[in-house]
Amino acid sequence: MADEPLILGIETSCDETGVGIVRGHTLLADALASSVEQHARFGGVVPEVASRAHLEAIVPTMDRALKQAGVTIADIDAIAVTSGPGLAGALLVGVAAAKGYAVAAEKPVYGVNHLAAHVAVDTLEHGPLPEPAIALLVSGGHSSLLRVDDLARGVTPLGSTIDDAAGEAFDKVARLLGLPFPGGPWIDREARAGDPAATAFPRGLTAPKDLAAHRFDFSFSGLKTAVARWVEARQRAGEPVPVADVAASFQEAVCDVLVGKALDACRSSGIETLVIGGGVAANSRLRAMAEDRAARHGIRVRTPRPNLCTDNGAMVAALGSHLVASGVAPSRLDLPADSAMPLTVVSV
Amino acid sequence: MTAVRLGWHTVLVLVVDSSTPAVTAALVEVSADAVAARAQRCTVDARAHGELLAPQVDAVLADTGARAADLAAIVAGLGPGPFTGLRVGLVTAATMGQVLGIPTYGVCSLDGIGHPAAAGEPVLAASDARRREVYWAVYDGAGQRIAGPNVDVPAVAAERARGLAVTIAVGDGAHRYADVLGLPVRGEPRYPDATALARLAAERIRAGAPSEPLTPLYLRRPDAVAATGHKPVLP
Ligand SMILES: [Zn+2]
């Protein structure tokens, strides 16, 4: 509908420079520039390299998004930008850019929470989010379970990883298996030819004694170590490492824990909607397993298509659109970039 | 583009610099033969560039009753300076220039210290580069940069300056390391002077020169420590 607000979203919290444009729940543009290749040889994102890339990419990425959507900045009703959590220097480029656009074009600006944006992006594909909902957010930087009662005003953290993020575990196991960075897509690809039951790798924080204190928390460090031990033992014995089987068994262990805990959160609170977001939500096994097990409990899984699961500007625009529609006031022009922005804060 | 612009009138130019602990936004008027300050906001706070700059831009516009759409060009200090803060000024200038469809021009931030300070004798301009180093450049008596910009420990900057017959130092870095530099320190400007930055871009503004990409003078490679190879977990 033409009278719905036109919202621009800017994302720079990690290694993707994203600019998205939405009208209401309709995606009009999603332009992305990635510095991932510059980080590959370091096996992880180098913050200063990411920040430098954001500065170079922001103006051309904005240009592409505006062209894609066929609009000008003057047509935009509000600008949303990720103000946290994320890499401090990287966030600052996006926040300063949003303010530059806002001051020059005399538009309101909303500093928003990256994790809430991962939830909001699903509305572009599946429409308004039924509330309350449970959200599982899994990526290289975060692994969180949350309860969403009112996405415009605050979400409730239920649990998160106590060591590595899920995506980090994928990266580390990929390196162990000689697969490139980022590891997620490569593990996913290898695993298709492997046996997920080949090795029963440990499921972190699922033993009864752990569940008492960490019912909705995750741990992937022990799993990573177990995979490393298993692989090394084979290598020392001079035996070939069955990459596909290891990838499939590792992936099965991660997905088993993520899906198990997410569905437990739904069932224990009587909530029938589960939203899955973040880069790891692009994993094909996670999507299939969640659909399959949720259906047995009458729970509906909402997962945006893979290129909306990874970091992008559209998710920020989607959250901005929801905030504007909910009557939330814009941020002040002195809004900070907050690398440790808490989940309970959706916009500043 | 004609070489001689007939009917040249005064234009309003925004100047931003975030290369030092001082976050600066200023409006200047550039006319056929002068550059005049109209409004300025400068706050010294090394940790709040991102929070401070945009409200200061807003404030100088409000001070003069101007709107962003009235701007004819933007001048930005390219550094050198600590990276995170430096980028704030450059991304602000670049994004505003994009929206307004006006040219952006870059000036070495040290020139905004050294050029106005050079009154007939060579001067060393230095700003704090952290890690016990300074960003520095040397200017001749007419204010032309003849060495730098570089980043070095103060002793190296001092030695190079002595070799260029420098007799005085200026800038925040010169204050901070006055004892090592062994040169008398001029009080002002301590930080890049907005009007001086505009003066150094004035010819380009008057000529309607093409917009320039605002490439930061980082002078240092990113700290990019390659992730170590896999460490065995078995004993
Ligand atoms: Zn993310």
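Worth saying up front: this structure is predicted, and the values here are computed from it rather than measured.

Parameters and conventions
- Residues numbered from 1 in each chain as written.
- Chains lettered and ligands numbered in written order.
- Predicted model: local features only at pLDDT ≥ 70, side-chain atom pairs only at ≥ 80, totals over all residues.
- Heavy atoms only, no water.
- Domains from an automatic or database assignment.
- Contact = heavy atoms within 4.5 Å.
- Buried area = accessible area lost by both parts, 1.4 Å probe.
- Salt bridge = Lys/Arg side-chain N within 4 Å of Asp/Glu carboxyl O.
- Polar contact = N/O pair within 3.5 Å; in protein donor to acceptor, adjacent residues only side chain to side chain.
- Helix = DSSP H or I, 4+ residues; strand = E, 2+ residues; numbered from the N terminus.
- Nonpolar A, V, L, I, M, F, W, Y, C, P; charged D, E, K, R; others polar.
- Donors = N, O, S within 2.8 Å, 3.2 Å for Na, K, Ca; no water.
- Tetrahedral: all angles 85-135°; square planar, octahedral: opposite > 155°, others 65-115°.
- Buried < 20%, exposed > 50% of the residue type's maximum accessible area, 1.4 Å probe, protein only.

Some details on the domain arrangement of chain B
All names here are of chain B.
Next up, step 1: Split into domains, chain B comes out as domain 1 (11-109 + 192-207) and domain 2 (111-186).
Next up, step 2: With 15 residues of domain 1 at the contact, the number on the domain 2 side is 12 residues.
Next up, step 3: Between domain 1 and domain 2 lies a buried interface of about 1000 Å² when both sides are counted; carbon and sulfur atoms form 68% of it.
Next up, step 4: The largest share of the area that domain 1 buries against domain 2 comes from Pro80, Pro82 and Cys108, three residues that together contribute 42% of it.
Next up, step 5: Put simply, domain 1 and domain 2 have 0 salt bridges between them.
Next up, step 6: There are 5 residue pairs in polar contact (both at pLDDT 80 or more) connecting domain 1 and domain 2.
Next up, step 7: Of the residues forming the side of domain 1 that touches domain 2, the biggest block, 3 residues, is contributed by helix H7 (residues 194-207).
Next up, step 8: Residues of the side of domain 1 that touches domain 2, tallied by class, amount to 11 nonpolar, 3 polar and 1 charged.

Some thoughts on the coordination of the zinc ion
Residue and element names in this part refer to chain A.
Next up, step 1: Ligation of the zinc ion by protein atoms is provided by His114 (NE2), His118 (NE2), His142 (NE2) and Asp311 (OD), these donors lying 2.1 to 2.7 Å from the ion.
Next up, step 2: With 4 donor atoms in place around the zinc ion and angles of 87 to 164° between them, the coordination shape is irregular.
Next up, step 3: Sequence spacing of the donors to the zinc ion: H-x3-H-x23-H-x168-D. Here His118 is found in helix H4 (residues 114-120), whereas its partner Asp311 is found in the loop between helix H12 (306-309) and helix H13 (313-325), with 193 residues between them in sequence.
Next up, step 4: For His118, a relative accessible area of 0% translates into the label buried.
Next up, step 5: The exposure class assigned to Asp311 is buried, which follows from its relative accessible area of 13%.

Comments concerning the interface of chain B and chain A
Next up, step 1: Facing the 39 residues of chain B at the interface are 37 residues of chain A.
Next up, step 2: The contact between chain B and chain A buries some 3100 Å² in all, and 68% of this surface belongs to carbon and sulfur atoms.
Next up, step 3: Run the count over chain B and chain A and you get 2 salt bridges.
Next up, step 4: Arg87 of chain B is paired through a salt bridge with Glu48 of chain A; the nearest N and O atoms lie 2.9 Å apart.
Next up, step 5: If you list the elements that add at least two residues to the side of chain B that touches chain A, you get helix H1 (49-63) and helix H2 (83-100) of chain B.
Next up, step 6: When residues of the side of chain B that touches chain A are assigned to their parent elements, the largest contribution, 13 residues, is made by H2 of chain B.
Next up, step 7: Classifying every residue of the side of chain B that touches chain A by side-chain character gives 24 nonpolar, 7 polar and 8 charged.

Some points on the pattern of salt bridges
Residues and elements named next belong to chain A.
Next up, step 1: All chains considered together, the criterion is met by 29 salt bridges over all chains.
Next up, step 2: Between Glu168 and Lys172 there is a salt bridge, with the nearest N and O atoms lying 3.7 Å from each other. Of this pair, Glu168 and Lys172 both sit in helix H6 (residues 166-176), 4 residues apart, roughly one helical turn.
Next up, step 3: By sharing partners, the salt bridges in this structure join Asp164, Glu168, Lys172 and Lys224 into a single network.

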